[in-house]
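Architecture and fold: a report
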Amino acid sequence: VCSASSSDVRFYPSLNYSNENLKTGLTKGANLAFSKEYDYTSFGGGLNFNKKFRNQNTEFGVRANVFLDTYSQIVPTEFRSSLPSRQQKKGEIGNAARNTFDLSMTLSQILTKRFQAALTLDVAYQNGLLSTPFHRVYKTDGSLGRETLPDKRLKVPIGIRANYFAGEKMIIRSFYRYYQDDWGMKAHTLQIEVPYRLSSLYSLSPFYRYHTQSAIDYFAPKGETAIDAKFFSSDFDLSDLSSNFYGIGVRHTPFKTMLNLFAISQLELRGALYHRSDGLNAGIVSFHVQFKGF
């Protein structure tokens, strides 16, 4: 999580390598990534292995990634008067490290000609400064503090994905995930999307996602944090909430050749509305262009 800033530019190149042995059905891969923002620098890398079994109906994959992040700590204006004069304008109090270690396993299976399913298990461990110093916390006595959270966090999401081919024109894609961590949060996410082909060139994709979660043990709204609390946050992203996200996409597959080098293989316009139980509402419009090289 980065702090707020009036302007920002993100630079994030990545390098990926993959090699598949058609005889054994084993694919090995590796990746390197770098990301740089105004107050955030990240180095990442990982390895992945996928195994297809002889019947080609079953596939098992393992992916391990490491992200080593450094970000500049920026405190709210109320805390800057006690800083050295050169630091008061931006409120920077030094850099902090945050490391993430992620292990992901996926087992996918073609059950019938029309039905496919996949089971996923992720284990993510983080250490370092996991709080955001820019976030204010008002306590029961009216005093002001900066968000303080434990320096370790273990996350375990388990998910199942199921796709059903209902005919030549329609596919039903569904996903469910259960999430739990050692900060006390538990969450359920359910998503469904139904792409429907109108013609050989156009298709519609209505979608809906429901999410609900419990608050972490250290969350309290403004003015309700105990004075002697060791860890505390008033970030509503960590609170007890539910949300609804729904919309529709329109997809066009023109396959137009451009300069004999690549083709526009897909155009998609998606619009959606987002409503959260704490009062946050948003509208989102996105446009995607997919290219295919020769």
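Quick summary incoming for the structure in this document. The model shown is predicted, which means the values in this text are computed figures rather than measured ones.

When you go through the protein chain residue by residue, the secondary structure sums to 1 helix and 17 strands. Referenced to the eigenvectors of the C-alpha coordinate spread, the extents of the protein chain come out at roughly 65 × 40 × 35 Å. The proportion of buried residues among the 294 residues of the protein chain is 31%. Relative to all contacts within the protein chain whose residues are 6 or more apart in sequence, the contacts with residues 24 or more apart total 55%. Accessible area for the protein chain stands at about 18,100 Å²; split by element, carbon and sulfur atoms hold 59% of it. Charged side chains in the protein chain number 35 positive and 25 negative. The centres of these two groups are separated by 10 Å.

Right, let's talk about the pairing of strand β2 (residues 26–36) for a bit. Strand direction decides the pairing type here: strand β1 (residues 14–21) and β2, joined by 8 bridges, are antiparallel. The residue bridging Asn 16 from the neighbouring strand is Asn 31, located in β2. Inspection of the sheet shows β2 paired to strand β3 (residues 40–52) by 11 bridges, in the antiparallel sense. If you follow Leu 32 over to β3, its bridge partner there is Gly 45. Taking the residues between adjacent antiparallel strands as the criterion, β2 and β3 are bridged by 3 residues.

Moving on to the nonpolar core. Formed by Leu 130, Leu 149, Tyr 179, Trp 183, Met 185, Ala 187, Ile 216, Phe 219 and Leu 238, the largest nonpolar core amounts to 9 residues. Excluding its chain neighbours within four sequence positions, the residues that come into contact with Trp 183 are Leu 130, Leu 149, Pro 150, Lys 152, Arg 153, Ile 216, Asp 217 and Tyr 218.

Calculation rules
- Residues numbered from 1 in each chain as written.
- Predicted model: local features only at pLDDT ≥ 70, side-chain atom pairs only at ≥ 80, totals over all residues.
- Heavy atoms only, no water.
- Helix = DSSP H or I, 4+ residues; strand = E, 2+ residues; numbered from the N terminus.
- Buried < 20%, exposed > 50% of the residue type's maximum accessible area, 1.4 Å probe, protein only.
- Contact = heavy atoms within 4.5 Å.
- Areas by Shrake-Rupley, 256 points an atom, 1.4 Å probe, with all protein chains shown as cover.
- Lys, Arg positive; Asp, Glu negative; His and termini not counted.
- Charge placed at Lys NZ, Arg CZ, Asp CG, Glu CD.
- Pairing = 2+ DSSP bridges.
- Core = buried A, V, L, I, M, F, W, Y, C linked by side-chain atoms within 4.5 Å.

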